Amino acid sequence: MRHALLRAARRLGTRSAVTAVTTALAVAAPFPAVAVSGPERLSSLVDPLIGSANGGNTFPGATLPQGMIAWSPTSTAGDQTSTGAANGYAYNTTRIRGLSLTHVNGAGCHPGAAGDVPVMPFAGGITSSPSADTKDAVYAANFSHADEKAVPGRYTLGLASGASADLAVSRRAGVADFSFPADRPASLLFRVSNSLNGSEDAHIDIDAAHRKVTGWVLTGAFCGRRANGGTNNRKSYYRLHFSATFDRAFATTGTWHDGTLSPGSTTASGGEGYATGADRAGRGSGGWVGFDTASDNDVHMRLGISYVSLAGAEANLRHEIPARASVADVAAAGARAWDRELSTVRAEGGSAARRTAFYTALYHSLMQPNLISDTDGRYRGMDQAVHRPARGQRAQYSNFSGWDQYRAQVQLLALLRPTVAGDFAQSLYNFARQNGGVWDRWVHISGATHVMTGDPSAATLATFYAMGVRNFDYRGAYASLVRQATVPTPDDLSDAGCPGQCEGQRPNLAQYLVSHYAPQDACHCWGGAAETLEDAVADFSLAQWARRLGRDEDAKVFTDRAAYWRNVFNPATGYVQARKLDGAWVTPFNPASDLGFAQGTSATYTWMVPHDVQGLADAMGGRSAAATRLDGFFHNPDGSWSVRDPLRYDPTNEPGIHAPWLYNALGQPWKTQATVRRIIDTVYGTGPAGLPGNDDLGTMSAWYVFSALGIYPQTPGSATLLLGAPVFPKATVERPGRADLVITAPEADDTHVHIGAVRRDGHLVNRSWLTPAETRGGGRLDFTLTTAPDTDWATGDLPE
């Protein structure tokens, strides 16, 4: 029996092939080449399995920075209409029904999104319809983690059936070697209809003469099956096309539709719908190709995908992967692509575990946004028409988990990849113009999903602009976002999709502008108190952007609106609380309740005023009183640390992730230093459970990257960075077109967690933040760390 890798090496394991693939990837790359210094391969420090347990919802499969393709397993727990976990993979579920071509990193809905076209290497006879195998009892296989290997850009898996898969990808295409036991029938199943959320329709064509399989799936419905999204969101909004070619002839072919198996057939169609369980079980379509393993037990496949057309999928494959490239060639080029991406931050020192946690977090942070445009620039817009990028835009991106990402991930993207950030900003603006001027808060591929609450696009683009990103139509985008924040629309009064996916992006805006808060009984939103806080942050961001653009009148209007958070702060309870239209507080009130909030409690949301911490402190009785309350947010009454208590800090979700850094604004930065390090050391780590919760398209990982570097964004809409204690003796943050940011902390270790002094370019800094000019300008930050807190350093107020 020959192993697939040996056959691949025979095909073309040459230096010229590796060079050709590397060149193809460089042409397709949405960023300039960056030299990798030193002998260390940063990609070798990444463990893609981190976050695949404990609700992190990451996936381990092959993908590249901002890649379109993400080739990874779809697991099964015995229900073909569901998966082992959100986004298709759960470390503790060791049975799969295919290797799907698309995935989303860390989204919190189960089963998430995408997971399109599972391709299953099957050892055995095809005697019944795989769609009729509703319990995944036949056309699925167990595996052991001992037979699984995941590295950036490559994924290898051996199945208990004796079949195995070795996958490697470019940005829009991939190659695979499949091996089969020689004594059993060998087939590849293409489950074209079996996306994670189901499908409206799907199609497959098998061309035996040209050893080719092509097809598409029409799908969408992100989060559409969850209770708080409802049937309103069970809709299609993208079509994924694929084209796969093989190095050998097919011995058998066949297709299926629902329960009907058609051996010898070469075409089939049919979707599954968007229901679940018995309402969907047994539906769907697909096809298979079989191979003679008597003398040759492995198969090489080349595959391209496109959201535009079959021709686009085939062009993407031709453009990105040379015709004779092996899996090893493509994997080597992919590792180089990840080395370039990860080298934007060069951390020195630290333990092996710390470096793995850090570079895996950076890896997860920079997976997105994701390309949806083909190599010729064409993409499918939110109006479902085919478009080309705007003038000066290099690529169209999507997958915007706005409510999550605006708090940390977009700041990291702007810091490390400003050109990608600008193209992403333009992409979101393009979508808004194709969507009647509406900036959807959670964009998936070319669809508006409406997931979560608030207006995160305003915060995101204002943040990009504040951090120096200029390669987008910022004047047009600003004007469009101002219209969304000031002009009511009919969707603002819709309850469709509520509470989790309300259609109005500024729910009941007309009433909000009168009441100056979102009334719980008339908000048409997930929760009135949360909506008010989210809109206040968005309006603050617009105010900052307006000021930078010289729009002083707008700046005043939005600055006043940014203070509306005060209207949901109840002085009698000391907490943010939902209010009714008549002004009365919603009762009975419990700070551990989520009434009026979205995925969080009043105790958590009360701290979600990052743009006005001094005002919040005043409302709580002053900075000292607020700091004492914050102590109680992180500690039990006996002084022990508290995690995941409804009344205290929850590191698993976004509304409170900035809270550990609030001590800087309250004049007690030594507590930020201790609290952040405690979180880094206890809720983050290595291994599958190394993330505290949903990675949410790199947000939780971005929190770790910033915190490990000893810097963190103060508030959306600003470039101010708060200062904490770095965990590495030295880190160099590469700034394209600007001076690098070099951070040194020679004493950094597990015990030196406090700041004794900071110098910037040799000058003492007695404040706990970097100004926007310093953030944009780079330079050198030298930290002196101590084992004991310095209660005199940087105790002044933060800038307003």
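This text goes with the structure placed above it.
Residues numbered from 1 in each chain as written. Predicted model: local features only at pLDDT ≥ 70, side-chain atom pairs only at ≥ 80, totals over all residues. Heavy atoms only, no water.

*Asks:* I tried to follow the overall build of the protein on my own but got confused; where do I start?
*Replies:* Within the protein, the secondary structure is distributed over 19 helices and 35 strands. Taking 2.2 N^0.38 as the reference for a compact globule, 800 residues should give roughly 28 Å; the C-alpha atoms of the protein span a radius of gyration of 26 Å, in line with that estimate. Here the protein holds 800 residues, and 66% of them are scored as buried. Summed over all atoms, the accessible surface of the protein reaches about 24,500 Å², with 52% contributed by carbon and sulfur. Both charge centroids of the protein, one from 69 positive and one from 73 negative side chains, sit 5 Å from each other. (Helix = DSSP H or I, 4+ residues; strand = E, 2+ residues; numbered from the N terminus. Rg over C-alpha atoms; globule rule 2.2 N^0.38 Å. Buried < 20%, exposed > 50% of the residue type's maximum accessible area, 1.4 Å probe, protein only. Areas by Shrake-Rupley, 256 points an atom, 1.4 Å probe, with all protein chains shown as cover. Lys, Arg positive; Asp, Glu negative; His and termini not counted. Charge placed at Lys NZ, Arg CZ, Asp CG, Glu CD.)

*Asks:* Sorry if this is basic, but what is going on with the packing of helix 10 (residues 474–486) against helix 13 (residues 552–562) here?
*Replies:* Between two packed helices, both the angle of their axes relative to each other and the distance between the axes serve to describe the pair. Where helix 10 meets helix 13, the closest approach of the two axes is 13 Å, and the angle between their N-to-C directions is 45 degrees. With respect to helix 13, the axis of helix 10 lies oblique. Handedness of the crossing formed by helix 10 with helix 13: left-handed. Contacts from Tyr478, Val482, Ala485 and Thr486 in helix 10 reach Asp554, Phe558 and Arg561 in helix 13. Residue composition of the contact of helix 10 with helix 13, by class: 4 nonpolar, 1 polar and 2 charged. (Axes fitted to C-alpha atoms, helices over the stretch in contact; angles between N-to-C directions. Parallel < 35°, antiparallel > 145°, perpendicular 65-115°, else oblique. Left-handed = near helix turned anticlockwise from the far one by under 90°. Contact = heavy atoms within 4.5 Å. Nonpolar A, V, L, I, M, F, W, Y, C, P; charged D, E, K, R; others polar.)

*Asks:* Would you explain the sheet that holds strand 28 (residues 711–713) in this entry?
*Replies:* One key point about sheets: their strands pair by backbone hydrogen bonds, in either a parallel or an antiparallel sense. Read from one edge of the open sheet, 3 strands run 28-29-34, paired in antiparallel fashion. The open sheet terminates on both sides in strands that have one partner only, identified here as strand 28 and strand 34 (769–770). Of the strand pairs in this sheet, strand 29 (residues 721–723) and strand 34 are connected by 2 bridges, and their pairing is antiparallel. Considered in strand 34, the bridge of Leu721 is made with Leu770. Those strands touched by helix 18 (residues 699–709) are strand 28 and strand 29, and its axis lies near 135 degrees from that of strand 28. (Pairing = 2+ DSSP bridges.)

*Asks:* Explain unusual backbone geometry to me, please; I cannot follow it from the model alone.
*Replies:* Phi is mostly negative for residues that are not glycine, and the peptide bonds are mostly trans. Residues Cys498 and Pro499 are joined by a peptide bond in cis, for which omega reads 5 degrees. If you trace the backbone, Pro499 turns up in the loop between helix 10 and helix 11 (509–515). Residue Thr587 is joined to Pro588 through a cis peptide bond whose omega torsion reads -5 degrees. Inspection of the secondary structure puts Pro588 in the loop between strand 27 (575–576) and helix 14 (602–605). In this structure, Asn54 is a non-glycine residue whose phi angle is positive, near 65 degrees. For Asn54, the location among the structural elements is in the loop between helix 2 (15–28) and strand 1 (62–63). The partly exposed category is assigned to Asn54, whose relative accessible area is 38%. Within the chain, His450 stands out as a residue other than glycine whose phi angle is a positive 70 degrees. Counting through the fold element by element, His450 comes out in the loop between strand 25 (447–448) and helix 9 (456–466).

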